[in-house]
Amino acid sequence: MESPKTGLAEVGERIRAALDENVDAAEQLQQARRQLLRRVAVDNAARVRAGWLGPAFTRGRQAWGVSLLLGGLAAVGLWRWYLEPISFQMVAGAGLGRLGDVVEASGPEPVALQFSDGSSIVMHAGGRLRVLSTEANGARVLVENGGLDVAVHHERLGRTAWSFDAGAFSVRVVGTAFHLAYNSGQRSLDLATREGLVLISGPCLTEPRAVAAGERVQLECGADGELRIATDGGPLVPRPELLPESSRPALPPEQTTPAADGVTTDTPEQAQAAVKAADPKAAAGDSAPNHRAWRDLLHTGPRSALLQAAEQAGFERVCATASLKELVQLADAARLEGRAALATAALRAVRQRFPGSSAASTAAFTLGRVAFEQRGAYAEATRWFSTYVNEEPNGPLLGDAIGRLMESRQRSGDKQAARRDAEGYLRRFPGGPYAAQAKRILAEQ
Amino acid sequence: MISPLTFVGDEDALIEALKARHPGAVAVFYDRHAPAVLRTLRAALGADAEVPDLLQDVFIRALDHIAELQDRERVRSWLATMAIFVARAHIRRQSRRRWLSFFSPQRTESDRREPPSSEARFALREMYAVLDEMPVNERMAFVLRFVDGLTLSDAAEACSVSLATFKRRLARAEQRFVVAASKRPALEPWLEDGTRWNLRKQG
């Protein structure tokens, strides 16, 4: 039988109360969560590498047999292995990764990619990238947005061939470990090298800029063509003297004509001018519509040219005939370019043409994001996030959807519903990324 | 190719996914159990700046030993055991540092905390200074029972000892605490406010 409450139990309560008052538990939970998930992602990347080395090493040992014939075959096999492009896979994913596919860390957890040469990329929450191509001694990666931690493993003889494209910037890896973050909205690159050396080049730079171990640099190629640089965390300052004197065209200014309902759209003339600046063929006067050109630009970009080509071919017709994968890529390109109307059209086409699919539900979620982030249409965003929650009650984006739904309702004035969402979110995700916001909503009168 | 994110499933499915280190499962596991683990760590260690790192260590340890989890109904107490293990190791490291500071004060300069900003903070610091003087097993018994508020049986299970052993440790801890706390003027208000303060008279 438990003893009755004593003075010591009351002292214990006072200790608990003093701890709650003086130490922010929510902050401690969030800090530990971030560190834990990052550590698990990095550990998982290392485990995948160990698995890959095992079978390959065994095959190699078995190939070096006693007879000359087997030895010759083994030599051929080894040479092919040496020349064979590296492959990659998502940690905790199924199967090998495919070139050109979007890899996105759209939830709060980081995502790790492991390459067969032992290199790894850990992408932070909010990041997007594509592995465009691979070679025997490296890969070319397109960073669409967000931050990465990269560790390049120099296993094979000869020069490493790792490079990262981020907007107008290109990062060539000479060393081994660095952190890269690209903000597609601001067109800014933030790079810090931990080991070795990387070289950054881009239209804003006269020559490649080296970033050695221990250094950090931020570069911003403004829409007006101005180059701003910051080093080691200092402020971004214009550096016009580093701009090239060549006839390289300036980046087109992002001009839009606001429509009556607040949706921003590009006029056809402005879009055509943007394409001419980006596409040499268009600038040379080749204005004849090419109905297949948009498919050729899907993987090579630039996004503005892809969208213009799709518009020239008739965007509505393209949405009616494109495959699901092509539609999703078009929608992504439009969203990243800030072309809300085109993104909405492509995503609606996904839902219309592929109803009941997980892609259709994901399109609903993305429609909510476009409405919220690019048009400020919170009531519409509410409808789309609700649609996702109803269609995918156990979906991979559920936490995000409920959090964003809560935010949309709050902003559109439906406080009561926002409170219900906040309570539901905290029950399911007490330490999730929207938990602090949910608590604020509940604390409001 | 979109990565799998939020894990959804019952406790059995979650444990299986944790064995595979599914990142979504790790996040769900953490979200479900971290608040309770944090309470235990804070009870054991007070306002220690390393608590977030130790919280992470508890879950890493849990993932490393997930295959040993026998009774899936007792995940919470299993994690409490992990938390006690991690807290104990931390306390021992801190004791070694304090012992080292006797010979080399400069090397442990960074261990000194900022001056408390309030009476409550000061009393809290004094309280844990009293607990620092206790043997670690008795300290754990005391904080689990009185600060974390566990029942005797749950606290004994978290310490991986029998109920009888736990009660003996707790009794010794109570005696030590009363004697040590009565020598700290800052703790007088906390001790005197108790209306059923029997042990102090016995001390």
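Structure shown above.
Fair warning: this is a prediction, and the values are worked out from it, not measured in the lab.

Concerning the environment of A:P85
Thought 1: Residue position: A:P85 is located in the loop between α3 (68-83) and β1 (88-90).
Thought 2: For A:P85, the contacting residues outside a window of four places in its chain are A:T134, A:E135 and A:A136.

What about the pattern of salt bridges?
Thought 1: For the structure on display, the rule yields 22 salt bridges over all chains.
Thought 2: For the salt bridge of B:R42 with A:D20, the shortest nitrogen-to-oxygen distance reads 2.8 Å. A residue pair is termed interchain when its members come from two chains, as with B:R42 in helix α2 (residues 23-45) and A:D20 in helix α1 (residues 7-22).
Thought 3: If you follow the salt bridges from partner to partner, you end up with A:E104, A:R128, A:R130, A:E144, A:D332 and A:R335 in one network.

A short note on helix α3 (residues 51-64) of chain B
Residue pairs three or four apart in sequence face the same way in an α-helix, which turns once every 3.6 residues.
Thought 1: Relative to the 20 Å expected for 14 residues at 1.5 Å per residue, α3(B) spans 20 Å between its end C-alpha atoms, a close match to the ideal helical length.
Thought 2: Taken residue by residue, α3(B) has B:V51, B:P52, B:L54, B:L55, B:Q56, B:V58, B:F59, B:I60, B:A62 and B:L63 as its buried positions.

Observations concerning the pairing of strand β11 (residues 197-201) of chain A
Residues and elements named next belong to chain A.
Thought 1: Pairing of strand β8 (residues 169-173) with β11, which is carried by 4 bridges, proceeds in the antiparallel orientation. In the sheet register, S170 faces β11, and the bridge partner there is S201.
Thought 2: Where β11 and strand β12 (residues 209-212) come together, 4 bridges link them in antiparallel fashion. Looking at β12, one finds that L197 is bridged to A212.

What about helix α15 (residues 435-443) of chain A?
Residue and element names in this part refer to chain A.
Thought 1: For α15, every residue scored as buried is listed here: A435, Q437, A438 and I441. Each buried residue of α15 sits inside an arc of 160 degrees when the element is viewed along its axis, so together they form one side. Residues R440 and A443 are exposed on α15 and point more than 90 degrees away from its buried face.
Thought 2: Of the surrounding elements, those touching the buried residues of α15 are α13 (398-411) and α14 (415-428).

Scoring rules and cut-offs
- Residues numbered from 1 in each chain as written.
- Chains lettered and ligands numbered in written order.
- Predicted model: local features only at pLDDT ≥ 70, side-chain atom pairs only at ≥ 80, totals over all residues.
- Heavy atoms only, no water.
- Helix = DSSP H or I, 4+ residues; strand = E, 2+ residues; numbered from the N terminus.
- Contact = heavy atoms within 4.5 Å.
- Salt bridge = Lys/Arg side-chain N within 4 Å of Asp/Glu carboxyl O.
- Expected span 1.5 Å × (residues − 1).
- Buried < 20%, exposed > 50% of the residue type's maximum accessible area, 1.4 Å probe, protein only.
- Pairing = 2+ DSSP bridges.
- Arc of directions from axis to C-beta.

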